[in-house]
Amino acid sequence: MTASAAFSAFFIRAAVVTRRAFVVAAAVAVAACGGSAEPPPPPEARGGGAGGGGGTAPTITQQPQTATVTAGQPASFTVAATGTAPLVYQWQRAAGGSATYAAIAGATSTTYSITATVLGDSGAVFRAVVSNAYGSATSNKATLTVTASAPVLTITPQPANTSVVVGAMASFTVGGTCSSGTLGIQWQRGAAAGMAFSNIAGATAATYSFMAVLADSGAQFRAVLDCSGQSSTPSSVATLTVNPPGSVTLSLLPLVGLRAQADISFPRGIDAQPDGTFVFTTANRVKRLSADRLTIELLAGGDSPGATDGPAATAQFRSPSDVTHDAAGNLYVADTGNHTIRRIAADGSVTTIAGSPLISGTTDGIGSAARFSQPTGIAIGPDGDLYVGDVGSNVIRRVTTSGTVTTYAGSPSGGAFVDGLPTLARFSGPVSLAVAANGDVLVADRFNNRVRRVVRSGATAGTVETLAGSGFPFAPSVDGIGTAAIIVQPNGIDVAGNVATLRDAEGLVRQIDLTTTAVTTLTGSRTLGAGVADGTSAVTRLTSFGDIAGAAGGGYVTVDGANLRFVSAAGDVKTLAAGNAGPVTPAAIGTLPQEPFDFTANLSSLGVDPAGTVVVANDFIKQVRRVDNAGVVTLVAGNPAAPAQAVDGIGSAATFAAIGIASAVDDAGVLYLNDGYAIRRIGTGNAVRTLAGSAGIPGAVDGNGPAARFGLIDGLAVGLAGDVFAADVGNAAVRRVDAAGNVTTYAGALGQSALVDGPIAAARFIAPTGVARAPDGALYVVDFAGSGAAVLRKVAADGSDVSTVTAAGNAIVSTAIAIDPAGNLYYVDATGLRMLAPGAPASTLLVQTGAANVLGTSPRVATVQSIAVLGPKQLVLIGGPDLLVVTMP
């Protein structure tokens, strides 16, 4: 080695030593600062090779993609990256909605796969972290959505082509099964082959049926089936053929879904059940309102009062008041008239557990040795014992479910107001009780005008205190804190959580915060007072007495006079069922507004709207209803529980005073009917308003809206221009009402009764009743001329003159009259239902008069109160107690 070479080698070795010393020193410094004490790898380990050089950190070049798969299918996510090798991959997972990721064991390749996904994987988020010696990179997030396996839908049977005679029921049936989920069905209709299909409202059963008219011939039907919203598939298409009958036929208008109606002549107490139903007492029975509030069933009791134990079918009660239940599903009834406490087991069998029938008293004891005096309110406590408001003795009794009776608070010498120790406290009319979760017994102390609380102390009563109410007995009441509030004769009471809800004699629903004792009013009107009216909390009215029970969603069901009513959490009130006091007859029994009343009795009038829906008015129940071509009945307006008065509103919020026999429907489907001495209009959305006149005030005045006066209106018709024509029999004239409610006399003279044809100014009517408009705009009027018979009069289309139609004869016996689009006129004389064709010299008999209605191809009709055109060659009639359809060949 030369000297220069040796020097060079020494210099290189020194530099290397110096460099290594620097690196070690730097590493020590880093360690001292909390970093790693490990030195970085030598250049060759960093990919620089033996000769040195730099490396690069990873860069993501392909991001993983969000995926949607069906449960059971695989799912894969892939990432790609560049950078100095080797690259290390680690997949991570976070639950849906979580920001915390966890490494997936073994998921260290560019692709991560799940062999078979499950529904629990849905919503999970995945990402990959790629790293090397020079750094790391994190991919974008990819979300996995896992849907349920699509169920397999099988359709069988398929709908079949159907041929029927006009007026008969046409039916189409489909069937289906689902491998999973619930089968759904929606029937659709196409006007003809090749036409688009549209859903048929309410047609969701396996069979769709409706009454066929000639216009239905050629229509096509199919059903769209699905399995809980998946695998939606249309069925085969079926075509309907409608044939005319060989002769005139008479049939009943189809009515489906009718249920037996409920007698709820005098409901008293009500109790909410765990399954969402409500048990209540009425007359001498115990009944149940279904959870959907659409039906009522009898649980026990009969027509006659009694004290018989045994099976539900033979058991008897005597004016039971309140009812409660235990955890096992047994019902307990305060049988007020019998002075006993009764139990109804789950199988319906009735047992007297305490007291002796018809023997009153105040004796504590076991079973029949105990005595009660008009037990009224009853509630069960968290201890499993019953607490009873014994109104006749003004005490609160405690009854074990085995029948041991003790006095819990109050004294038989009560009838006054005293708070304090249970034995010293005095009540006056403890008509209703509720037990809070802590065991406190809340008492609606009616005649003390207070709500009292029997505070629980261990296993017994502690003290009696006034929760709310000043004791002041007169209205108007006021809200306030505790005794600053005025509660007039509190009655029904319910407790849920920290709130007690009660009824009072002003027709108000009040609520008490059990912590602050603050009293507020949920619904009812101090201004309007007690009564019966549905609507919002601002206008609703309730009677002065009734029990109340909490419902799901924060509302309440209350017994109210002779009604069952629902009170929403916002205080809106709707009548669920309305009853009557007195004998139960087919025409005088309670009804649920969602289901049809026995409304074919005492029908007043009818019409048919442009959709072919029959609209029927019934003055007995003060309601208007629709019957569609499938026979489904829905409420249009009116409330049988409300007073008979004309109140505008929507649906059941509107009420009627005296629905008459006159009605008409215009081309837009707006219904007009007479209500007392007024004309009411029912438009879109079932909105009812008074067009002209006043329901309770007769008269003979032309003018605008409420200023006009009518006599008795027996017929209505809508003119070509939309004006309404009224046959005002009370004033011997035909009146005209425009869209703004302006009333004028169109034909005849107010109060001048005579049979005079001729120019409109000189013409006179005797007693115009039925009225109908012909296609050309002429009006035909049934004008009773005395002796029980009427003639047919015609007012020319231009209103120029009045004439008598001699072709109709002079023996018309009914106000019923109708004209179809072809100009055929239908009326009733002594021989039956007749048709007068345009220009014909005489009418044709369609259906003969008979002693009773006879259906079929040899029809008879007893009486006809009203006629409307249902469709081509079809009429609908009110024939006595029936809704009848006449189909012509």
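Residues numbered from 1 in each chain as written. Predicted model: local features only at pLDDT ≥ 70, side-chain atom pairs only at ≥ 80, totals over all residues. Heavy atoms only, no water.

### As for the overall build of the protein chain
Then, in step 1: A count of helical and extended segments in the protein chain gives one helix and 74 strands.
Then, in step 2: Looking at the protein chain as a whole, 50% of its 889 residues qualify as buried.
Then, in step 3: Residue pairs in contact within the protein chain that sit at least 24 positions apart in sequence constitute 47% of those at least 6 positions apart.
Then, in step 4: Entry remark: accessible area of the protein chain is about 35500 Å², with carbon and sulfur atoms responsible for 57%. (Helix = DSSP H or I, 4+ residues; strand = E, 2+ residues; numbered from the N terminus. Buried < 20%, exposed > 50% of the residue type's maximum accessible area, 1.4 Å probe, protein only. Contact = heavy atoms within 4.5 Å. Areas by Shrake-Rupley, 256 points an atom, 1.4 Å probe, with all protein chains shown as cover.)

### Let's talk about the pattern of salt bridges
Any two side chains of opposite charge can pair, on the condition that their charged atoms come close.
Then, in step 1: By the definition in use, this model includes 28 salt bridges.
Then, in step 2: Residues Asp 445 and Arg 452 are paired through a salt bridge, measuring 2.7 Å at the closest nitrogen-oxygen approach.
Then, in step 3: Take Arg 452: its relative accessible area is 0%, and that puts it in the buried class.
Then, in step 4: Among the ionic pairs, Asp 560 bridges to Arg 565, the shortest N-O distance being 2.9 Å. In this structure, Asp 560 and Arg 565 share a single accessibility class: buried.
Then, in step 5: Shared partners join several salt bridges into a network, and the residues in it are Asp 383, Asp 385, Arg 398 and Arg 456. (Salt bridge = Lys/Arg side-chain N within 4 Å of Asp/Glu carboxyl O.)

### Focus on the packing of aromatic side chains
Each aromatic ring pair is described using two quantities: the centre-to-centre distance and the angle formed by the ring planes.
Then, in step 1: Following the criterion strictly, the structure yields 11 aromatic pairs and no others.
Then, in step 2: Here the aromatic rings of Phe 172 and Phe 221 are separated by 4.8 Å at their centres, their planes lie at 25°, and the arrangement is stacked. Of this pair, Phe 172 sits in strand β13 (residues 169-173) while Phe 221 sits in strand β18 (residues 220-227); the two residues are 49 residues apart in sequence, bridging distant segments of the chain. Just as Phe 172 is buried, Phe 221 falls in that class too.
Then, in step 3: Both rings, one in Tyr 208 and one in Phe 221, keep their centres 6.2 Å apart while their planes meet at 45°; by these two values the pair is tilted. Pair noted here: Tyr 208 is in strand β17 (residues 207-211) and Phe 221 is in strand β18, with a separation of 13 residues, a long-range link.
Then, in step 4: Looking at Phe 221, the relative accessible area reads 0%, which means it is buried. (Phe/Tyr/Trp six-rings, centres within 6.5 Å; stacked < 30°, edge-to-face > 60°.)

### Quick look at the environment of Ala 312
Then, in step 1: Within the secondary structure, Ala 312 is located in the loop between β25 (296-301) and β26 (323-325).
Then, in step 2: Between the alpha carbons of Ala 312 and Gly 301 there is a distance of 6.6 Å; along the sequence they are 11 residues apart.
Then, in step 3: When sequence neighbours within four positions are dropped, the list of residues in contact with Ala 312 reads Leu 299, Ala 300, Gly 301, Gly 348 and Ser 349.

### Here's the deal with the side chain of Asn 731
Then, in step 1: Inspection of the secondary structure puts Asn 731 in the loop between β59 (724-728) and β60 (733-737).
Then, in step 2: For Asn 731, a relative accessible area of 7% corresponds to the buried category.
Then, in step 3: Looking at Asn 731, its side chain comes within polar contact range of the main-chain oxygen of Gly 699, at 2.9 Å.
Then, in step 4: Setting aside its immediate chain neighbours within four residues, Asn 731 contacts Gly 699, Ala 700, Phe 710, Gly 711, Ala 749, Leu 750, Gly 751 and Gln 752. (Polar contact = N/O pair within 3.5 Å; in protein donor to acceptor, adjacent residues only side chain to side chain.)

### Considerations on the sheet that holds strand β33 (residues 395-399)
Then, in step 1: The antiparallel open sheet is built from five strands, whose spatial order is β30-β34-β33-β32-β31. One side of each edge strand has no neighbouring strand; the edge strands of this open sheet are β30 (365-366) and β31 (375-380).
Then, in step 2: Strand direction decides the pairing type here: β33 and strand β34 (residues 404-410), joined by five bridges, are antiparallel. Across the sheet, the residue bridging to Ile 396 is Ala 409, located in β34. (Pairing = 2+ DSSP bridges.)

### What about unusual backbone geometry?
Then, in step 1: At the junction of Ala 85 and Pro 86, the peptide bond is cis and its omega measures out at 0° in the coordinates.
Then, in step 2: With respect to the helices, strands and loops of the structure, Pro 86 is situated in the loop between β4 (80-82) and β5 (88-94).
Then, in step 3: For the bond from Ala 475 to Pro 476, the omega torsion is 0°, close enough to zero to count as cis.
Then, in step 4: Locating Pro 476 in the fold gives a position in the loop between β38 (460-468) and β39 (480-481).

### Examining the pairing of strand β8 (residues 125-132)
Then, in step 1: For β8, the buried fraction is high: six of the eight residues fall into the buried class.
Then, in step 2: Pairing of β5 with β8, which is carried by seven bridges, proceeds in the antiparallel orientation. Within the sheet, the bridge partner assigned to Tyr 89 lies in β8 and is Val 130.
Then, in step 3: Pairing analysis gives two bridges linking β8 to strand β10 (residues 142-147), with the strands arranged antiparallel. Paired with Phe 126 across the bridge in β10 is Ala 142.
Then, in step 4: As paired strands, β8 and strand β9 (residues 135-138) are joined by four bridges and run antiparallel to one another. In the strand pairing of β9, Ser 131 is matched with Ser 136.

### Remarks on the nonpolar core
Then, in step 1: Membership of the largest hydrophobic core comes to 23 residues, with the highest contact counts inside it found for Trp 187, Tyr 208, Phe 210, Phe 221 and Leu 240.
Then, in step 2: With four residues, the single largest contributor to this core is β18.
Then, in step 3: The residues contacting Phe 210, other than those within four sequence positions of it, are Ala 168, Met 169, Ala 170, Phe 172, Arg 189, Asp 216, Phe 221, Leu 240, Asn 629 and Ala 630.
Then, in step 4: Formed by 21 residues, the second largest nonpolar core is a distinct cluster that contains Trp 91, Ala 124, Ala 128 and Val 146. (Core = buried A, V, L, I, M, F, W, Y, C linked by side-chain atoms within 4.5 Å.)

### Overview of the confidence of the model for the protein chain
Then, in step 1: Of all residues in the protein chain, 90% attain a pLDDT of 70 or more, and the chain-wide mean is 88.
Then, in step 2: For residues 1-52, every residue scores under 50 in pLDDT, and the model assigns this stretch 19 contacts once sequence neighbours within four places are set aside.
Then, in step 3: Between residues 580-599, whose pLDDT stays under 50, and residues either more than four places distant or in other chains, the model counts 73 contacts. (pLDDT = per-residue confidence, 0-100.)

### Structural notes on the pairing of β13
Then, in step 1: Side chains of β13 alternate between two faces, with Ala 170 and Phe 172 buried and Met 169, Ser 171 and Thr 173 left unburied.
Then, in step 2: Bridge count between β13 and β17: five bridges; the pairing is antiparallel. Bridging from a neighbouring strand, Met 169 pairs with Met 211 of β17.

### With respect to the environment of Asp 326
Then, in step 1: Inspection of the secondary structure puts Asp 326 in the loop between β26 and β27 (331-335).
Then, in step 2: It is 9.5 Å that separates the C-alpha atoms of Asp 326 and Ala 379, two residues lying 53 residues apart in sequence.
Then, in step 3: Setting aside its immediate chain neighbours within four residues, Asp 326 contacts Tyr 332 and Ile 380.
Then, in step 4: Engagement of the side chain of Asp 326 in a polar contact is seen with the backbone nitrogen of Asn 330, the distance being 2.9 Å.

### Comments concerning the sheet that holds strand β46 (residues 563-567)
Then, in step 1: An order of β44-β45-β46-β47 is seen for the four strands of this open sheet, with the pairing classed as antiparallel. Of all the strands in the sheet, just β44 (548-550) and β47 (573-578) have a single pairing partner and so form its edges. In this sheet, neighbouring strand axes are inclined to one another by 20° on average, regardless of whether the strands run parallel or antiparallel.
Then, in step 2: Note: β46 against β47, five bridges, orientation antiparallel. By the bridge assignment for β47, Asn 563 is matched with Ala 578. (Axes fitted to C-alpha atoms, helices over the stretch in contact; angles between N-to-C directions.)

### Thoughts on the side chain of Thr 376
Then, in step 1: Mapped onto the elements of the fold, Thr 376 is located in strand β31.
Then, in step 2: With a relative accessible area of 14%, Thr 376 lands in the buried category.
Then, in step 3: Of note is the side chain of Thr 376, whose polar atom sits 3.0 Å from the backbone oxygen of Gln 374.

### Observations concerning the environment of Ser 180
Then, in step 1: Tracing the backbone shows Ser 180 in the loop between β14 (176-178) and β15 (183-190).
Then, in step 2: For Ser 180, a relative accessible area of 35% corresponds to the partly exposed category.

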